[in-house]
Structures are given as C-alpha cells and as structure tokens.
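Residue-level structural notes
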Amino acid sequence: MNRRVITGIVSALLIIVFGLTLTQSCTRVDAGHEGVLVKLYGTGKGVQDVSLVTGRVWFNPFTEEVYEFPTFIQTFDYDAFTVNAKDGSVFTVDPTISFYVKPGASPMIFKKYRKTIQEITQTTLLNYVKDAFRIQLNQYSTEEIISKRQQFETEVQNTLDKALQKDGFKLEQMTSGLSYPEEIVRAVNLKNRAVQQAMQVENELKVAEAQARKKIVEAQAEAEANKLRQLTLTPLLIQQQFIEKWNGSTPLYGNSPVFFKNME
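Scoring rules and cut-offs
- Residues numbered from 1 in each chain as written.
- Predicted model: local features only at pLDDT ≥ 70, side-chain atom pairs only at ≥ 80, totals over all residues.
- Heavy atoms only, no water.
- Helix = DSSP H or I, 4+ residues; strand = E, 2+ residues; numbered from the N terminus.
- Buried < 20%, exposed > 50% of the residue type's maximum accessible area, 1.4 Å probe, protein only.
- Areas by Shrake-Rupley, 256 points an atom, 1.4 Å probe, with all protein chains shown as cover.
- Core = buried A, V, L, I, M, F, W, Y, C linked by side-chain atoms within 4.5 Å.
- Contact = heavy atoms within 4.5 Å.
- Polar contact = N/O pair within 3.5 Å; in protein donor to acceptor, adjacent residues only side chain to side chain.
- Phe/Tyr/Trp six-rings, centres within 6.5 Å; stacked < 30°, edge-to-face > 60°.
- Axes fitted to C-alpha atoms, helices over the stretch in contact; angles between N-to-C directions.
- Parallel < 35°, antiparallel > 145°, perpendicular 65-115°, else oblique.
- Left-handed = near helix turned anticlockwise from the far one by under 90°.
- Pairing = 2+ DSSP bridges.
- pLDDT = per-residue confidence, 0-100.
- Expected span 1.5 Å × (residues − 1).
- Arc of directions from axis to C-beta.

1. Structural notes on the overall build of the protein
Along the protein, the regular secondary structure elements total eight helices and 10 strands. Expressed as a percentage of its 264 residues, the buried residues of the protein come to 26%. Carbon and sulfur atoms provide 56% of the accessible area of the protein, an area that totals close to 18,300 Å².

2. Structural notes on the nonpolar core
One finds Ile97, Ile109, Phe133, Leu160 and Phe169 to be the most contacted residues of the largest nonpolar core, which totals 34 residues. Excluding residues within four positions of it along the chain, Phe133 makes contact with Phe81, Val83, Val93, Pro95, Phe152, Val156, Met174 and Ser176.

3. As for the environment of Ile184
Here Ile184 is to be found in helix H7 (residues 182-232). Each C-alpha atom of the pair Ile184 and Ile146 lies 9.5 Å from the other, and the pair is 38 residues apart in sequence. When neighbours within four sequence positions are excluded, Ile184 is seen to be in contact with Thr142 and Ile146.

4. Re unusual backbone geometry
Positive phi is not limited to glycine here, since Arg114 has a value of about 55°. By secondary structure assignment, the location of Arg114 is in the loop between helix H2 (106-113) and helix H3 (117-122).

5. Re the environment of Glu183
Counting through the fold element by element, Glu183 comes out in helix H7. Note: C-alpha distance between Glu183 and Ser89 (94 residues apart in sequence) is 9.5 Å.

6. Focus on the side chain of Asp167
Counting through the fold element by element, Asp167 comes out in the loop between helix H6 (149-166) and strand E10 (169-175). Separated by 2.6 Å, the side chains of Asp167 and Lys112 make a polar contact. Apart from the residues within four sequence positions on either side, Asp167 is in contact with Met108, Ile109, Lys112, Tyr113, Thr124 and Tyr128.

7. Structural notes on the packing of aromatic side chains
Under the counting rule described, the total for this entry stands at six aromatic pairs. Seen from their ring centres, Phe99 and Phe169 are 5.8 Å apart, and the 80° between their planes marks the pair as edge-to-face. On the criterion of sequence distance, the pair formed by Phe99 in strand E9 (residues 96-101) and Phe169 in strand E10 is long-range, its members being 70 residues apart. Residue classification places Phe99 among the buried positions, given a relative accessible area of 1%. For Phe169, a relative accessible area of 1% puts it in the buried group.

8. Details of the packing of helix H4 (residues 124-137) against H6
Packed helix pairs are specified by the crossing angle of their axes together with the interaxial distance, meaning the distance between the axes. The geometry of H4 relative to H6 is characterised by a closest axis approach of 9 Å and an angle of 140° between their N-to-C directions. In terms of their interaxial angle, H4 and H6 are classed as oblique. Crossing of H4 against H6: the hand is right-handed. Facing H4, whose interface residues are Leu125, Tyr128, Val129, Ala132, Phe133, Gln136 and Leu137, H6 presents Phe152, Glu155, Val156, Thr159, Leu160, Ala163 and Leu164.

9. Observations concerning the environment of Asn138
Within the element layout of this structure, Asn138 appears in the loop between H4 and helix H5 (142-147). Residues Asn138 and Lys86, spaced 52 residues apart in sequence, show a C-alpha to C-alpha distance of 4.5 Å. A distance of 3.1 Å separates the side chain of Asn138 from the backbone oxygen of Arg134, its partner in a polar contact.

10. Notes on the sheet that holds strand E6 (residues 74-77)
Strand order in the open sheet made by the three strands is E6-E9-E10, with antiparallel pairing throughout. Only two strands of the sheet have a single partner each, and these edge strands are E6 and E10. Across this sheet, the average inter-strand angle for adjacent strands is 25°, counted without regard to direction. Judged from the six bridges that link them, E9 and E10 form a sheet pairing that is antiparallel. Paired with Tyr100 across the bridge in E10 is Lys170. The sheet strands contacting H6 are E9 and E10, and the helix crosses E10 at an angle near 160°.

11. Side note on the confidence of the model for the protein
Across the protein, pLDDT averages 77, with 65% of residues at or above 70. Long-range and interchain partners of residues 16-23, a stretch whose pLDDT sits below 50, account for three contacts in this model, where long-range means more than four residues apart.

12. Quick look at H6
The end-to-end C-alpha distance of H6 is 26 Å, a good match for the 26 Å that 18 residues give at a rise of 1.5 Å each. Among the residues making up H6, those that are buried are Phe152, Glu153, Val156, Leu160, Asp161, Ala163 and Leu164. The buried residues of H6 all sit within an arc of 165° when viewed along its axis, so they share a single face. The exposed set on the far side of H6, more than 90 degrees from its buried face, consists of Gln150, Lys162 and Lys166. Residues of H6 that are buried make contact with E9, H4 and E10.

Right, here's the structure in full:
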C-alpha cells in the first residue's frame, strides 16, 4: 500500500471523526430550562468553570458538557414520615411540594451539588422538608397543633421556603398531609359523639317542653271557653234551645212538655 493510499485513508478517517465531533458538539437548551456549561478539565475540574447558557450551545464534547436544569414549576410527592410534637405525640406527615429553580441559579446549584434536579429533590430537598417539620412541630404541643393547625403549616412553609431560597430554589406551594395520632383521633371522635348526644338530649327536652306548654295552653283555652259558656248560659237561652231541639212529639205516658220552665 503506497503512501498516497495511506494518506487518503487517514484523511477520510479525520473527516469522519471531525463530522462526528461536529454532530455532538452542538445542543439546544429547551424552553423552560437553563443550560449549565461545565468544563471537565482545568484547575477546578468542573467546580469553578461553570457558566449559564441558553438557546443553541456549541461546546467541545471532549472537554465540556452541558446540563439542563428545568425552571418550570415541579411537584414532588414524598413518602410519609413521622415527627414528634413538643409533648412527645407522634404525628405522620405525607408532604407534597411544588417548587422551581430561581432564574440564573442553575450554575450555583450545580457547583454546590453536582447532581441533577431529580437527585437533589430526592435527597437534599427531602432533608429540608423533614427539618422544617421537625423544627416547627417540636415547638407545638398536641393541643396547640389541633387548635392552631393553619398557623403551624404556615410556619413550616415559611421555614422550608427560606431554606430552599438559600440554595437557589423557590417554594411555590406545600401540603403537609398531616395525620393525628390514633389516640387523639379516638379522643376527638368520643368528644364529638358526646357533643352530638348532648345536643340530641337538649333537642328532646325542648320538644317535651314545647308539648307541655301546648297542653297548658289548650287547657287554659278550654277553661276560658267553659267560663264564657257559663256566663252566656241564661234561662231564656236554655228555653230557646229546648224549643229548637223539640220535634213536636209528646210522650205517650207521663206529662206533656212544658214550654216555659222555671229555670230558677
């Protein structure tokens, strides 16, 4: 094989390698994402040489790499865990959080963690969530958590948001999924049942009192009616009623009716 043939083969290989390098040295950062261009070699070996890129990015695939960080709101539902209140009661928390990467914070996040958002969400952010609930729950007794639940959840959310913002994240929303201890649930149910029974008894007493008052009113009305009848019952009225009731027949035996009787 002569030198010209060898040179041609080498040139062809170089063209192929160059073409493959070009196809792999350009990427596009999608909308809703921030790109992080990382130099794989250098004094910091990727720790210091990090820059923010957007749109179409050209890079050297042998010495550089591009990571994409989503900037849209993401929601993550964590597994349930338990936390103790100030008085020792054990509460179950089943939290869900919605968050996003603050604009321009992707390089800082990568420098600190060298992980993807998915990995950070399942490790570091989970620890922040647990710490926020632990810190706030330890300041409340069981009774206070029940009576001031909204205040408690607001303080947890504020604590978590402050921790996330230090790392370049912003908390959008949080639901605690807080569950009370079984003994507390039973006590609340018993209390509610007692209240319902007391209300039922009170209603029954009100009904009985109303019925008794009704009977008294009816008796008083009947007595007043009888009194009026006695006042209006005169001898002439009785004779008139006697005549109106008489059918004209006379008894076969005994005395004939007297139309005007002495009622005195």
